[in-house]
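# Analysis of the macromolecular model
So the chains spell out like this:
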Amino acid sequence: MGKADLHIHTTASDGSSTPDEIVRLARSKLLNTIAITDHDTLEGYRQAVPVAEELSVRLIPGVELSARGEGRSVHVLAYQFDPENLELNELLRRQRSARIGRMERILDHLRSKEGIDFTLDEVRAQARSGNVGRPHVARLMVRKKVVSSVPEAFIRYLGSGKISGIGTLYAELEEVIDVVARAGGMTSLAHPGPLYPPAEVERLISVGLDGLECIHPSHGFDQQKRFTELAEQKHLLITGGSDFHGTGKEYAPWFGVLTLSEKRVAALDRAARNRQQLNGGADE
Ligand code: AMP
Ligand code: FE
Ligand code: FE
Ligand code: ZN
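Residues numbered from 1 in each chain as written. Chains lettered and ligands numbered in written order. Predicted model: local features only at pLDDT ≥ 70, side-chain atom pairs only at ≥ 80, totals over all residues. Heavy atoms only, no water.

### Concerning the sheet that holds strand β1 (residues 3-8)
One open sheet holds the four strands; their spatial order is β3-β2-β1-β9, and the pairing between them is mixed. The open sheet has two edge strands, β3 (58-60) and β9 (260-261), and neither has a second partner. Packed onto the sheet, helix α1 (residues 19-28) meets β1 and β2 (33-36) and runs at close to 160 degrees relative to β2. Of the strands in this sheet, β2 and β3 are in contact with helix α2 (residues 43-55), which crosses β3 at around 160 degrees. (Pairing = 2+ DSSP bridges. Helix = DSSP H or I, 4+ residues; strand = E, 2+ residues; numbered from the N terminus. Contact = heavy atoms within 4.5 Å. Axes fitted to C-alpha atoms, helices over the stretch in contact; angles between N-to-C directions.)

Okay, here's the thing in structure tokens:
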């Protein structure tokens, strides 16, 4: 039975391996199917397409979208959409500019409340792609010896509860779900385990998500089981992956180890095909 990893980051967002390296690494770990799910960009996916073809690794279109749901910031994984879809690409462009606006707020907060004075250009220089997020601020903090590690930066300055209002520039969850569906894709709630109480997971799902990321390194065995049962009960797709951000980064040991079965990938393929047929029908 083949193995899949549907949650991987590259240098196009906050990962430290290039798309090319990711495909080669996936091949060496005997993964049959992967999805590159960078934050709010398809750049890493696009760069990986020719390499995946060359090495016979199946590469599914993917992305991890930031959204606002239930009054907080939510990560939504999207798969099997048409990567050329104009509306989706326009949404992604908006999200990336929201990331810049958000970064300016984060830097203002650090300057005024913590006395840490970083410029946007300095943070951008940490992101090869210019697609910035908190991990790039964390890496700059390490480089400038404000903290000794990325996790310490999150604990002391960047984690949830430390900076308020930074998720408010993203699109609403409903809109994200609709745009992905119109692009022929399926959505899944990313890493629900550590983030939301069970009732909130159910409320988020009820907005119209197609799946639940049951398999994720932040989930203990009990959580994985509970989410899988919930997904089955609600007839949701079951997705999963390692959330790999590069060698030496958080969750790195799980790459090639924590995997999704091809049976789950086949269910995702079927659901997306059905949606695309329905979408096509609606246009005629
Ligand atoms: P952002 O895109 O700015 O919201 O940053 C979110 C990203 O930060 C996540 O995708 C993780 O890669 C990373 N992250 C979140 N919490 C932590 C943490 N406690 N330690 C290290 N990295 C983290
Ligand atoms: Fe990330
Ligand atoms: Fe995430
Ligand atoms: Zn991720």
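What follows continues from the structure just given.
### Observations concerning the pairing of strand β5 (residues 72-79)
Successive residues of a regular strand alternate their side chains across the two faces of the sheet. Most of β5 is tucked away, with six of its eight residues classed as buried. Alignment of strand β4 (residues 62-69) against β5, held across eight bridges, turns out to be antiparallel. Bridged to Leu65 within β5 is Val76. The antiparallel hairpin formed by β4 and β5 contains two residues in its connecting segment, where Glu70 sits at a positive phi of about 55 degrees. Both β5 and strand β6 (residues 186-189) contribute to a ladder of four bridges, which runs antiparallel. Within β6, the position partnered with Leu77 by the bridge is Ser188. (Buried < 20%, exposed > 50% of the residue type's maximum accessible area, 1.4 Å probe, protein only.)

### Observations concerning the site of ligand 1
Around ligand 1, a shell composed of Asp14, His39, Arg99, Arg102, Gly133, Arg134, Pro135, Val150, Phe154, His245 and Glu250 is seen. In this structure, an oxygen atom belonging to ligand 1 sits 3.1 Å away from a side-chain N or O atom of Arg99. Residue Arg134 places a main-chain N or O atom 2.7 Å away from an oxygen atom belonging to ligand 1. The protein chains hide 77% of the 500 Å² of surface that ligand 1 would expose on its own. Cavity membership is defined here by more than half of the atoms lying within 2 Å of grid points; on that basis ligand 1 lies in the largest pocket. Those elements giving two or more residues to the shell around ligand 1 turn out to be α3 (86-114), α5 (134-143) and α6 (150-158). Among the residues forming the shell around ligand 1, the class breakdown is three nonpolar, three polar and five charged. (Near = heavy atom within 4 Å. Polar contact = N/O pair within 3.5 Å; in protein donor to acceptor, adjacent residues only side chain to side chain. Areas by Shrake-Rupley, 256 points an atom, 1.4 Å probe, with all protein chains shown as cover. 1 Å grid on protein atoms, 1.4 Å probe; cavity = no way out; pocket = protein on both sides within 12 Å on 5 of 7 lines; lining within 4 Å. Sits in = over half its atoms within 2 Å of the grid points. Nonpolar A, V, L, I, M, F, W, Y, C, P; charged D, E, K, R; others polar.)

### A short note on the coordination of the iron ion (ligand 3)
Around the iron ion (ligand 3), the protein contributes the donor atoms Glu64 (OE), His75 (ND1) and His191 (NE2), at 2.0 to 2.3 Å from the metal centre. The sequence pattern describing where the donors of the iron ion (ligand 3) fall on their chain is E-x10-H-x115-H. Distance-wise, the iron ion (ligand 2) is placed 5.4 Å from the iron ion (ligand 3). Taken as a pair, Glu64 in strand β4 and His191 in the loop between β6 and α8 (198-206) lie far apart in primary sequence, 127 residues in all. (Donors = N, O, S within 2.8 Å, 3.2 Å for Na, K, Ca; no water.)

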